[in-house]
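Descriptive structure summary
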Amino acid sequence: MSAEPRVVVHPDKQSLADAAAARLVTAIIDAQTRRPEAQLALTGGSMGSAIIASLAKVPGRSAVDWSRVRVWWGDERYLPAGDPDRNDTQNDEAGLSALGLDPAKVHRVAGPEVSENAEASATAYAQTVREHGQKAWDVVLFGVGPDGHVASLFPHHPAQRISDAIAVAVHDSPKPPPDRVSLTFECFDRSHEVWFLVAGDDKAEAVAAALAPGTDRWDVPAAGVRGTDATLWLVDADAASGLGSPD
Ligand SMILES: O=C(O)[C@H](O)[C@@H](O)[C@H](O)[C@H](O)COP(=O)(O)O
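First, a word on scope: everything that follows refers to the structure included in this document. Please read all numbers here as calculations on a predicted model, not as lab measurements. Residue numbering note: each chain is counted from 1, following its sequence as written. Where totals are concerned, whole chains, interfaces and linings use all residues; where local detail is concerned, this predicted model gives features only for residues with pLDDT of at least 70, and gives and counts side-chain atom pairs only at 80 or more. Values shown for side chains rest on all heavy atoms present in the structure; no hydrogens or waters enter the calculation.

Each residue is placed in one exposure class: buried if its accessible area under a 1.4 Å probe, protein chains only, is under 20% of its type's maximum, exposed if it is over 50%, and partly exposed if it falls in between. Secondary structure counts use DSSP, requiring at least four H or I residues in a row for a helix and at least two E residues in a row for a strand, with both numbered from the N terminus. All buried positions along helix α3 (residues 87-94) are accounted for by Asn 87, Asp 88, Thr 89, Asn 91 and Ala 94. Note on definitions: a residue-residue contact is assigned when non-hydrogen atoms from the two residues lie within 4.5 Å. Tucked inside the fold, the buried residues of α3 contact β2 (38-42), α2 (45-55), β3 (69-73) and β4 (75-77). Following α3 by one or two positions, Gly 95 has its phi on the positive side, about 130°.

In structure tokens, the structure reads:
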């Protein structure tokens with residue numbers, strides 16, 4: 001069962017990041033009343049870091065037991081640890097490391113200094129998910145590209161079609177760098193809540209396409225992921241400009 005998408009429009013990118021961060025604090029607190037650990041999958045891109053920077057300012061964040069939050073990445077660039085172009089490096093710089101997480105519960109995708117190739121890195125990450133990911137993500141965060149990609153699942157890219165796998169190596173990514181590791185649609189489908197964080201008029205077409213009835217995820221990957229409990233499109237006014245007015 002998947003939850004119908006719900007759109008929440010915010011005035012601008014900063015209010016989107018701030019409101020989404022407050023919403024995330026509440027979601028984590030709620031998840032921790034249901035399970036020992038909250039399972040959170042982060043995203044790269046500007047919104048992925050913007051929400052983390054805002055998290056550090058949420059007054060209620062101290063109500064979260066951060067030692068019981070397990071953090072993953074929906075995708076990662078296949079680059080050495082600490083590389084400035086890695087999603088986790090950018091998220092760290094945005095404030096992730098200051099939240100009080102247990103480093104042993106922050107699962108970073110292995111880079112070339114550890115795994116011989118992206119395939120081996122994807123296999124290792126999938127194994128870690130099996131060991132510690134429980135059965136479902138409480139919240140998966142996605143940025144959305146102008147082409148409608150999410151994580152490192154791009155339009156018409158064969159990586160979309162990998163099934164029976166939790167993570168996949170992605171090569172020839174249209175968004176640099178070319179080599180990445182991404183969780184799969186099959187893995188993302190095990191999410192209680194899926195949140196798309198989208199700002200900017202350059203995303204308006206992708207947002208409208210992803211929300212249009214009948215859009216195939218092969219063409220617009222963002223159309224292909226829904227949470228079992230909630231599917232939220234948290235957007236700013238510019239990114240929503242391609243949507244009709246709410247009836
Ligand atoms: O590794 C990546 O590049 C990201 O995971 C990617 O999926 C990103 O979230 C989108 O490209 C949106 O990025 P922006 O929010 O910066 O537009």
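The next thing to look at is the sheet that holds strand β9 (residues 230-236). In space, the 6 strands of this open sheet follow the order β1-β9-β8-β5-β2-β3, with parallel pairing throughout. Every interior strand has two partners, whereas the edge strands, β1 (5-10) and β3, have only one. Averaged over all adjacent pairs, the angle separating strand axes in this sheet is 20°, with direction ignored. Each pair of strands is called paired provided DSSP finds at least two bridges between the two strands. Of the strand pairs in this sheet, strand β5 (residues 137-142) and strand β8 (residues 191-198) are connected by 5 bridges, and their pairing is parallel. Bridge pairing links Trp 137 to Ser 191 in β8. Contacting β1, β2, β3, β5, β8 and β9, helix α1 (residues 13-34) crosses the sheet at an angle of about 155° to β9. Throughout, an axis means a line fitted to C-alpha atoms (over the contacting stretch in the case of helices), and angles, computed between N-to-C directions, take values from 0 to 180 degrees. Sheet strands in contact with helix α4 (residues 118-132) are β2, β3 and β5, and its direction is about 155° off that of β3.

A separate point is the environment of Leu 197. Relative to the assigned elements, Leu 197 resides in strand β8. Given the relative accessible area of 1%, Leu 197 is considered buried. In this structure the C-alpha to C-alpha distance between Leu 197 and Ala 17, which are 180 residues apart in sequence, comes to 8.0 Å.

Moving on, we get to the packing of α2 against α3. For the pair α2 and α3, the least separation of the axes is 8 Å and the interaxial angle reads 30°. It follows from the interaxial angle that α2 and α3 lie roughly parallel. Along this stretch, α2 crosses α3, giving a crossing that reads as right-handed. Where α2 abuts α3, its residues Gly 45, Gly 48, Ser 49, Ile 52 and Ala 53 lie against Asn 87, Gln 90, Asn 91 and Ala 94. Amino acids outside the nonpolar list (Ala, Val, Leu, Ile, Met, Phe, Trp, Tyr, Cys, Pro) and the charged list (Asp, Glu, Lys, Arg) are all regarded as polar, and Gly is one of them. Class assignment of the residues belonging to the contact of α2 with α3 gives a composition of 3 nonpolar, 6 polar and no charged. Just so you know how the angles are binned, under 35 degrees is roughly parallel, over 145 roughly antiparallel, 65 to 115 roughly perpendicular, and the rest oblique. In this scheme the crossing of two helices becomes right-handed for a clockwise turn of the near helix relative to the far one and left-handed for an anticlockwise turn of less than a right angle.

A separate point is the site of the ligand. Taken together, 15 residues surround the ligand, and among them Ser 46, His 149, Ala 151, Lys 175 and Lys 203 come closest. One of the side-chain nitrogen or oxygen atoms of Arg 77 is found 2.8 Å away from an oxygen atom of the ligand. Here a polar contact is taken to be a pair of N or O atoms separated by no more than 3.5 Å, where protein atoms must pair a possible hydrogen donor with a possible acceptor and residues adjacent in sequence count only if both atoms sit in side chains. Separating an oxygen atom of the ligand from a side-chain N or O atom of Lys 203 is a distance of 2.5 Å. Among the secondary structure elements, those contributing two or more residues to the shell around the ligand are α2 and β4. Per-element tally for the shell around the ligand: the top contributor is α2, with 3 residues. For the shell around the ligand, a count of residues per class yields 3 nonpolar, 7 polar and 5 charged. Note on terminology: near, applied to a residue and a molecule or strand, indicates that one of the residue's heavy atoms is within 4 Å of it.

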